[in-house]
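# Report on the structure
Chain by chain, the residues run as shown.
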Amino acid sequence: MVPLLYYQLLSAALFGIGLYGVLARRSAVLIVLSIELMLNAVNINLIAAASYLNGIGRVIAIFVITVAAAEVGLAFAIILRMYRNRGTVNVDEINLLKW
């Protein structure tokens, strides 16, 4: 059986890559994909902890997957609407909330 530390290191690496993607990217699509990568890292951590600690991590992971799927659908709908209105998905060029 693989030790829990390896799963936690994998989860931390994926979360770090996702965090870098959110902070460094300018395309809204890539930012949403980076957020999904971060959510998957949390799911790996929850499922690994549930298998070692006999907790309810699997139930929480399924809930996180469902929320993530709904979030992706809504985010892509918003991004598609922004592209149709503004002609770009670059977050630097979209200033809807600025005066």
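Going by the annotation in an unreviewed UniProt entry, the name recorded for the chain is NADH-ubiquinone oxidoreductase chain 4L, with Geodia barretti given as the source organism. Its UniProt record gives the chain a comment under Sequence similarities (unreviewed entry), which states: "Belongs to the complex I subunit 4L family." One UniProt comment on the chain, placed under Subcellular location (unreviewed entry), says "Membrane".

Closest axis-to-axis distance for the helix α1 (residues 4–24)/helix α2 (residues 28–53) pair is 8 Å, and the angle between their directions is 165 degrees. Taken together, the axes of α1 and α2 are roughly antiparallel relative to one another. Between α1 and α2 lies a crossing of left-handed hand. Only Ile 31, Ser 34, Ile 35, Leu 37, Met 38, Ala 41, Val 42, Ile 44, Asn 45, Ala 48, Ala 49 and Tyr 52 of α2 make contact with α1, whose side of the interface consists of Leu 4, Tyr 7, Gln 8, Leu 10, Ser 11, Leu 14, Phe 15, Ile 17, Gly 18, Leu 19, Gly 21 and Val 22. The residue inventory of the contact of α1 with α2, partitioned by class, reads 18 nonpolar, six polar and no charged.

Take α2 next. Taking 1.5 Å per residue as the helical rise, α2 with its 26 residues ought to reach 38 Å, and the 37 Å between its terminal C-alpha atoms agrees with that figure. Inspection of α2 places Ala 28, Ile 31, Val 32, Ser 34, Glu 36, Met 38, Ala 41, Asn 43, Ala 48 and Ala 50 among the buried residues, and these make up the whole buried set. Considering only its buried residues, α2 is in contact with α1 and α3 (57–86). Looking at the residues trailing α2, positive phi occurs at Asn 54, about 55 degrees.

This part covers the packing of α2 against α3. It is the contact of α2 with α3, at a shortest axis distance of 9 Å, that shows an interaxial angle of 175 degrees. One element, α2, and the other, α3, form an angle in the roughly antiparallel class. For the contact of α2 with α3, a count of residues per class yields 19 nonpolar, three polar and three charged.

Where nonpolar side chains cluster on the molecular surface, the patch consists of Val 2, Leu 5, Tyr 6, Tyr 7 and Leu 9 and spans about 480 Å² of accessible area. Looking at the element boundaries, Val 2 is found in the segment before α1. Classification of Val 2 as partly exposed rests on a relative accessible area of 38%.

Take the side chain of Glu 36 next. Looking at the secondary structure, you find Glu 36 in helix α2. One buried charge, Glu 36, has no salt-bridge partner; the nearest side chain with opposite charge is Arg 25, at 16 Å. Discounting residues that sit within four places of it in the chain, Glu 36 has contacts with Ala 68, Glu 71 and Val 72.

For the rest of this paragraph, the subject is the confidence of the model for the chain. Mean pLDDT over the chain stands at 89; residues scoring 70 or higher make up 96%. Per-element averaging of pLDDT across the chain places α3 at the bottom with 88 and α1 at the top with 96.

Analysis parameters
- Residues numbered from 1 in each chain as written.
- Predicted model: local features only at pLDDT ≥ 70, side-chain atom pairs only at ≥ 80, totals over all residues.
- Heavy atoms only, no water.
- UniProt positions renumbered as here; feature names shortened; annotations may be inferred.
- Axes fitted to C-alpha atoms, helices over the stretch in contact; angles between N-to-C directions.
- Helix = DSSP H or I, 4+ residues; strand = E, 2+ residues; numbered from the N terminus.
- Parallel < 35°, antiparallel > 145°, perpendicular 65-115°, else oblique.
- Left-handed = near helix turned anticlockwise from the far one by under 90°.
- Contact = heavy atoms within 4.5 Å.
- Nonpolar A, V, L, I, M, F, W, Y, C, P; charged D, E, K, R; others polar.
- Expected span 1.5 Å × (residues − 1).
- Buried < 20%, exposed > 50% of the residue type's maximum accessible area, 1.4 Å probe, protein only.
- Patch = residues over 30% accessible without salt bridge, like charges linked within 9 Å, V, L, I, M, F, W, Y side chains within 5 Å.
- Areas by Shrake-Rupley, 256 points an atom, 1.4 Å probe, with all protein chains shown as cover.
- Salt bridge = Lys/Arg side-chain N within 4 Å of Asp/Glu carboxyl O.
- Lys, Arg positive; Asp, Glu negative; His and termini not counted.
- pLDDT = per-residue confidence, 0-100.

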